[in-house]
Amino acid sequence: MARSSFGTIVGFVLAAVFSLTLSSQAQAQSSVRVQATFVKAQYIVFCHGFGCHFETNVRVKGKLASELEEIMEHGEKSPAHEREAIKQAVAYFERHAARFAGTEDDIAGNYEMEGNRSQLDCVDEARNTTRLLILLQREGLLKHHTVARIEGRGFVLDTRYPHNTAVIREKETGIRWSVDSWMRHNGDVPEVMTLARWKRDGFS
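This one's a predicted model, so the numbers in the text were calculated from it and none came from an experiment.

K.L.:
How should the pattern of salt bridges be read in this particular structure?
P.N.:
Charged atoms that come close allow side chains of opposite charge to pair. Going through the model one piece at a time under the given rule, you end up with four salt bridges. One salt bridge in this structure joins R83 and E170, with 3.0 Å as the shortest N-O distance. With R83 in helix α4 (residues 79-101) and E170 in strand β4 (residues 163-170), this pair connects stretches of sequence that are 87 residues apart. Since its relative accessible area comes to 12%, R83 is described here as buried. E170 sits in the buried class, given a relative accessible area of 8%. As a salt-bridge pair, K87 and E84 come within 3.2 Å of each other at their nearest N and O atoms. With a gap of three residues between them, K87 and E84 both fall in helix α4, about one helical turn apart. On the basis of relative accessibility, which here comes to 18%, the residue K87 falls in the buried class. Given a relative accessible area of 43%, E84 falls into the partly exposed group. Salt bridges sharing partners connect three or more residues here, namely E151, R176 and K199.

K.L.:
Can you walk me through the layout of surface pockets in this structure?
P.N.:
Estimates place the volume of the second largest pocket at around 180 Å³. What lines the second largest pocket is a set of 13 residues, and nearest its centre among them are K61, A65, L135, E139 and L141. The set of elements that each furnish at least two residues to the lining of the second largest pocket consists of α3 (63-73) and α5 (122-138). Taken together, the residues of the lining of the second largest pocket break down into eight nonpolar, no polar and five charged.

K.L.:
Would you mind going over the nonpolar core with me for this structure?
P.N.:
For soluble globular proteins, nonpolar side chains are generally found buried alongside one another. The biggest cluster of nonpolar side chains holds 32 residues, and the ones touching the most others in it are L68, M72, I86, F93 and L136. When contributions to this core are tallied by element, the ones reaching two or more residues are β1 (43-48), α3, α4, α5, β4 and β5 (176-180). Not counting the four nearest positions on each side in its chain, M72 is found in contact with E82, A85, I86, A89, L136, L141 and L142. Counting five residues, the second largest nonpolar core, distinct from the first, contains V167, M193, L195 and W198.

Each value, and the rule that gives it
Residues numbered from 1 in each chain as written. Predicted model: local features only at pLDDT ≥ 70, side-chain atom pairs only at ≥ 80, totals over all residues. Heavy atoms only, no water. Salt bridge = Lys/Arg side-chain N within 4 Å of Asp/Glu carboxyl O. Helix = DSSP H or I, 4+ residues; strand = E, 2+ residues; numbered from the N terminus. Buried < 20%, exposed > 50% of the residue type's maximum accessible area, 1.4 Å probe, protein only. 1 Å grid on protein atoms, 1.4 Å probe; cavity = no way out; pocket = protein on both sides within 12 Å on 5 of 7 lines; lining within 4 Å. Points joined across faces, edges and corners; volume = space filled by probe spheres on them. Nonpolar A, V, L, I, M, F, W, Y, C, P; charged D, E, K, R; others polar. Core = buried A, V, L, I, M, F, W, Y, C linked by side-chain atoms within 4.5 Å. Contact = heavy atoms within 4.5 Å.

Pasting the structure below:
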């Protein structure tokens with residue numbers, strides 16, 4: 001075997017091991033119980049800078065609370081309506097949080113901007129969305145869904161880049177849905193699909 005080919009294989013294996021290590025670390029932070037500790041009475045701890053490298057307390061009382069309540073009222077009719085309302089709530093929260101965290105210019109699907117505090121990777125996005133969903137659930141604003149653990153897909157060896165998403169579970173059917181804003185610019189509505197489809201077909 002040529003030395004260059006051997007080096008390529010070794011590099012690929014090391015990258016896969018590193019990816020799996022990061023994935024296991026992310027899994028340790030994926031539970032609703034853990035993420036709930038970052039949702040306080042007055043603020044949510046907002047992640048940015050890739051892998052939650054930076055954290056900013058984002059106020060959730062006052063105007064944000066009333067706006068979220070108004071948005072979620074449109075979702076009371078059915079699970080489908082609630083998922084549409086959740087999209088709007090996530091988008092609104094991102095725009096609100098950007099004023100505190102300086103993330104107005106966060107771009108979709110950014111692979112190569114680690115350490116830039118204005119940018120979010122999928123770990124940041126999944127945690128922030130999960131924390132918002134926990135807040136909505138605590139306030140009784142989720143009628144048709146409950147918050148589920150953060151899920152991931154991809155581990156390099158399957159030729160897919162590791163990626164995480166927030167998840168909700170529909171009460172009536174038990175179907176889990178991804179709420180993924182990573183492939184959207186700051187303040188755009190997230191992509192929502194069944195978790196099964198997200199794992200099979202989604203971005204990354």
